[in-house]
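Notes for the structure review
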Amino acid sequence: MNKINKMMTAEQLLHDPLLNKGTAFSQKERDLFGLNGLLPPRILTINEQKTRILKNFNSKQNNIEKYIYLMGLHDRNETLFYRIIIDKIEEMMPIIYTPTVGEACEKFGYLYRRPRGLYISFKDKGNIKSILKNWQSNTVDIIVVTDGERILGLGDLGANGMGIPIGKLSLYTSCAGIDPSKTLPIMLDLGTENKDLLNNPNYLGVKHNRVRGNEYNEFIDEFMDAVSYIFPDSMIQFEDFANRNASRLLKKYQNNYRMMNDDIQGTASMCVAGILGSQKITGRNLSEEKLLFYGAGAAGIGIGDLYALAVSKTGISVENARKQCWFIDSRGLVVNGRDNLSDDKKPFAHKFKQLNDLTEIISEIKPTALIGVSGQGQAFTENAIRKMSEINNRPVIFALSNPTSKSECSAEQAYNWAEGKCIFASGSPFNPVHLDGKTHIPGQGNNAYVFPGVGLGVVASKTKRVTDEMFLIASNIISNSLSKHDLENGRVFPPLTKIRELSLNIATAITKSVTDKISKDSIENKMYKAYYDNYDT
Ligand code: NAD
């Protein structure tokens, strides 16, 4: 945490969001730092401040207004911001992250108020180190970086994608107690293909088509070298890179840098956790599942790979385990012999006839789970879901595409069409569904169950690399955290209110896999708690 020191001026204190307490500065602090007269006289507690903020928050007309209001607070007083997010995580997460953050990114040029994080454009090639040195500190635990090419399911939003690293890092702090002063959002502005943005006078990124090929690769190589040199203790999370870059960059860097890709590894861990959770309801075991993925991009293939790793722990080879995963992409079922099959899909291509219709594919393959990672809203038809529940007692239906408009089906559709039998989870949150006297609580397959805890474990253990095994550890911890009550309600993810405890457990298990020298208590003690430091003592 940034600490107040005696040399600080009133101006500095009031305008540093990491130190500002607003109306909560004590009388002693007001005397010491010359704050008397600069603040209204009544001194409030953090809880009184929270009540005021929540009243204002609740008076906002819609989610984007709420987002703007919270970001204003984030820029003024981070402690209060995090106190509110932590205490009201279920209500706040859909505002500070998906789905609202998607709309915020689309409108980034209009919503931009104050700088946060670093922008590095392709014009800075050769000079990246010096830009990184402009950051206020070289003590950074977590960096989230994007090039803005595949923002949620919304596509190429160029420099507007900065809302994503900012949002993700807020979740690191609220869900796992990563010190906000040690987080760094980075936007790599490599241009955009988004014509609307290129023609928009309010677009704040470089108005240039995307840089590709060697120039792109050299830029990212330089960035990775520079960022690991300037911030040697940081874990670098890649976020919302397009499929064409996400998987290959992960493969290229994961063994040489302390990095991970949340869209691939975090999603995989979350989804495998969901499947493991569903098995506590269905009674199936790992080798009995047949997973049908609708979408064979970075997220889908990542889930397939991690699932195969999980199955391989039962003694089955990874190659055989992959046979339990089937993929559909925009050209239909992924089968052997199809033209131009990319290398990452080939291990999952089955010797099977080419089919295109989802319901027909379900009838032929008889999957136990249907997992949507296509970014195609409403792709799961009534027929497809009815077929899933005809084949299975308890079909697993995960509609993971974000934001809500891209979800492959809604919770209501899934439960209705499956006549209440399905185990459902989605990427964006849906309200509980009441059907035939029973309430079904849809799980939110939120990566926030995974990456904050993994990041905390990586930081605490000081491990040099982030491995796939760590993500599997996270999946197991998440599914084992489900209560009897969760399972009775068909929930395969625990309530978000448990998330800090869950992140701590993930971090402890990851740390244990690396070293036996760090205890759970010592990790917990270092977690940021979002209360004001008391300067009076
Ligand atoms: P991607 O672009 O890499 O992959 C999309 C895949 O969908 C491609 O294989 C494409 O061929 C396929 N596809 C497109 N149109 C199709 C169609 N009509 N029929 C069948 N397949 C089709 O994207 P990604 O990174 O894999 O992400 C996909 C979606 O998953 C996004 O909407 C994203 O928001 C979501 N996602 C959710 C979570 C989460 O809920 N926690 C995490 C990561 C990604």
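The sections below set out a description of the structure shown in this document. (Residues numbered from 1 in each chain as written. Predicted model: local features only at pLDDT ≥ 70, side-chain atom pairs only at ≥ 80, totals over all residues. Heavy atoms only, no water.)

1. Section: the overall build of the protein
- When its secondary structure is counted, the protein shows 24 helices and 14 strands.
- Against the compact-globule benchmark of 24 Å for 537 residues, the protein has a radius of gyration of 23 Å, which places it among compact chains.
- Counting across all 537 residues of the protein, residues that qualify as buried make up 61%.
- In the protein, the share of contacts with a sequence separation of at least 24, taken over all contacts with a separation of at least 6, comes to 70%.
- Element-wise, carbon and sulfur atoms account for 47% of the exposed surface of the protein, whose accessible area totals about 21900 Å².
- Taken together, the 65 basic and 59 acidic charged side chains of the protein have centroids lying 2 Å from each other. (Helix = DSSP H or I, 4+ residues; strand = E, 2+ residues; numbered from the N terminus. Rg over C-alpha atoms; globule rule 2.2 N^0.38 Å. Buried < 20%, exposed > 50% of the residue type's maximum accessible area, 1.4 Å probe, protein only. Contact = heavy atoms within 4.5 Å. Areas by Shrake-Rupley, 256 points an atom, 1.4 Å probe, with all protein chains shown as cover. Lys, Arg positive; Asp, Glu negative; His and termini not counted. Charge placed at Lys NZ, Arg CZ, Asp CG, Glu CD.)

2. Remarks on the site of the ligand
- Neighbouring residues of the ligand: 25 residues in total, closest Arg-150, Ala-296, Ala-299, Gly-445 and Asn-447.
- At 3.1 Å from an oxygen atom of the ligand is found a main-chain nitrogen or oxygen belonging to Gly-297.
- In the environment of the ligand, an oxygen atom lies 2.9 Å from a nitrogen or oxygen atom belonging to the backbone of Ala-299.
- Of all elements in the fold, only helix 14 (262-282), helix 15 (298-312) and strand 7 (325-329) reach the threshold of two or more residues within the shell around the ligand. (Near = heavy atom within 4 Å. Polar contact = N/O pair within 3.5 Å; in protein donor to acceptor, adjacent residues only side chain to side chain.)

3. Observations concerning the pattern of salt bridges
- What the rule picks out here adds up to 30 salt bridges.
- Here Glu-149 and Arg-212 are joined by a salt bridge, their closest N and O atoms 2.9 Å apart. Separated by 63 residues along the polypeptide, Glu-149 in the loop between strand 2 (142-146) and helix 10 (163-176) and Arg-212 in the loop between helix 11 (195-198) and helix 12 (213-230) bring together distant segments of the chain.
- When the shortest N-O distance is used, the salt bridge between Arg-322 and Asp-305 registers 3.5 Å. Of this pair, Arg-322 sits in helix 16 (residues 318-322) while Asp-305 sits in helix 15; the two residues are 17 residues apart in sequence, bridging distant segments of the chain.
- Through salt bridges with shared partners, a single ionic network connects Asp-147, Glu-149, Asp-156, Glu-193, Arg-210, Arg-212 and Arg-244. (Salt bridge = Lys/Arg side-chain N within 4 Å of Asp/Glu carboxyl O.)

4. Considering the sheet that holds strand 3 (residues 183-189)
- Taken together, five strands build an open sheet; the order of strands is 1-3-2-4-5 and the sheet is parallel. In this open sheet, the two edge strands, each paired with only one partner strand, are strand 1 (118-121) and strand 5 (259-261). Here the average twist between neighbouring strands, direction ignored, is 25°.
- With three bridges connecting them, strand 4 (residues 235-238) and strand 5 associate as parallel partners. (Pairing = 2+ DSSP bridges. Axes fitted to C-alpha atoms, helices over the stretch in contact; angles between N-to-C directions.)

5. Comments concerning a nonpolar patch on the surface
- Where nonpolar side chains cluster on the molecular surface, the patch consists of Tyr-112, Tyr-119 and Leu-204 and spans about 270 Å² of accessible area.
- Note that Leu-204 resides in the loop between helix 11 and helix 12. (Patch = residues over 30% accessible without salt bridge, like charges linked within 9 Å, V, L, I, M, F, W, Y side chains within 5 Å.)

6. Details of the nonpolar core
- If you look at the biggest cluster of nonpolar residues, it comprises 104 residues, and the most contacted ones within it are Tyr-172, Ile-303, Ile-371, Phe-398 and Val-454.
- Phe-398 has contacts with Cys-271, Gly-274, Ile-275, Leu-370, Ile-371, Gly-372, Phe-380, Ile-423, Phe-424, Ala-425 and Val-492, leaving out every residue within four places of it along the chain.
- Membership of the second largest hydrophobic core comes to 36 residues, among which are Ile-131, Trp-135, Leu-249 and Tyr-257. (Core = buried A, V, L, I, M, F, W, Y, C linked by side-chain atoms within 4.5 Å.)

7. Examining the sheet that holds strand 14 (residues 443-444)
- In space, the seven strands of this open sheet follow the order 8-7-6-9-10-11-14, with mixed pairing throughout. Pairing within the sheet leaves two strands with one partner each, and these edge strands are strand 8 (332-333) and strand 14.
- Bridge count for strand 6 (residues 291-294) against strand 9 (residues 369-372) is four bridges, and the pairing is parallel. Residue pairing for strand 9: Leu-292 is matched across the bridge by Leu-370.
- Sheet strands touched by helix 17 (residues 358-365): strand 6, strand 7, strand 8 and strand 9. Its angle to strand 6, the strand with the most contacts, is close to 165°.

8. Observations regarding the packing of helix 3 (residues 46-58) against helix 5 (residues 78-87)
- Their axes nearest at 10 Å, the elements helix 3 and helix 5 cross at an angle of 75°. Relative to helix 5, helix 3 is oriented roughly perpendicular. Contact residues: Ile-46, Gln-49, Lys-50, Ile-53 and Leu-54 in helix 3; Thr-79, Leu-80, Arg-83, Ile-84 and Asp-87 in helix 5.
- Split by residue class, the contact of helix 3 with helix 5 holds five nonpolar, two polar and three charged. (Parallel < 35°, antiparallel > 145°, perpendicular 65-115°, else oblique. Nonpolar A, V, L, I, M, F, W, Y, C, P; charged D, E, K, R; others polar.)

9. Let's talk about unusual backbone geometry
- In this structure, the amide linkage connecting Thr-98 to the following residue, Pro-99, adopts the cis form with an omega of 10°.
- On the secondary structure map, Pro-99 appears in the loop between helix 6 (89-96) and helix 7 (100-106).
- Following Asn-402, the chain continues to Pro-403 via a peptide bond in cis, the omega torsion being -15°.
- Looking at the element boundaries, Pro-403 is found in the loop between strand 10 (396-399) and helix 19 (411-417).
- Phi at Lys-366 is positive, roughly 55°, even though this residue is not glycine.

10. Examining helix 18 (residues 382-391)
- Taken together, the buried positions of helix 18 are Ala-384, Ile-385, Met-388 and Ser-389. Taken around the axis of helix 18, the buried residues stretch over an arc of 130°, which confines them to a single face. With respect to the buried face of helix 18, the exposed residues turned more than 90 degrees away are Asn-383 and Glu-390.
- Those residues of helix 18 that are buried lie in contact with helix 17, strand 9, strand 10 and helix 19. (Arc of directions from axis to C-beta.)

11. What to know about helix 23 (residues 499-514)
- Compared with an ideal rise of 1.5 Å per residue, which puts 16 residues at 22 Å, helix 23 spans 23 Å between its outermost C-alpha atoms and is within 8% of the ideal.
- For helix 23, the complete set of buried residues consists of Ile-499, Arg-500, Leu-502, Ser-503, Leu-504, Ile-506, Ala-507, Thr-508, Ile-510 and Thr-511. (Expected span 1.5 Å × (residues − 1).)

12. Remarks on the packing of aromatic side chains
- All chains considered together, the criterion is met by 14 aromatic pairs.
- Ring geometry for Tyr-82 and Tyr-528: centres 5.9 Å apart, planes at 85°, overall edge-to-face. Of the two residues, Tyr-82 sits in helix 5 while Tyr-528 sits in the segment after helix 24 (520-526), which places them 446 residues apart along the sequence. For the pair shown, Tyr-82 and Tyr-528 are each scored as buried.
- Measuring from centroid to centroid gives 5.1 Å for Trp-326 and Phe-352, while their planes differ by 80°, and the two rings are edge-to-face. In this pair, Trp-326 is assigned in strand 7 and Phe-352 in the loop between strand 8 and helix 17, connecting sequence segments 26 residues apart.
- Here a set of aromatic residues connected by ring pairs shows up, and it is made of Phe-238, Phe-241, Tyr-253 and Tyr-257.
- Over the ring of Tyr-531 we find Arg-83; its NZ or CZ atom is 4.1 Å from the centre of that ring.
- Above the face of the Phe-348 ring, Arg-322 is positioned so that its terminal group lies 5.6 Å from the ring centre. (Phe/Tyr/Trp six-rings, centres within 6.5 Å; stacked < 30°, edge-to-face > 60°. Lys NZ or Arg CZ within 6 Å of the ring centre and 35° of its normal.)

13. Considering the environment of Leu-19
- The topology assignment puts Leu-19 in the loop between helix 1 (10-15) and helix 2 (27-32).
- For the pair Leu-19 and Ser-234, spaced 215 residues apart in the sequence, the C-alpha separation amounts to 23 Å.

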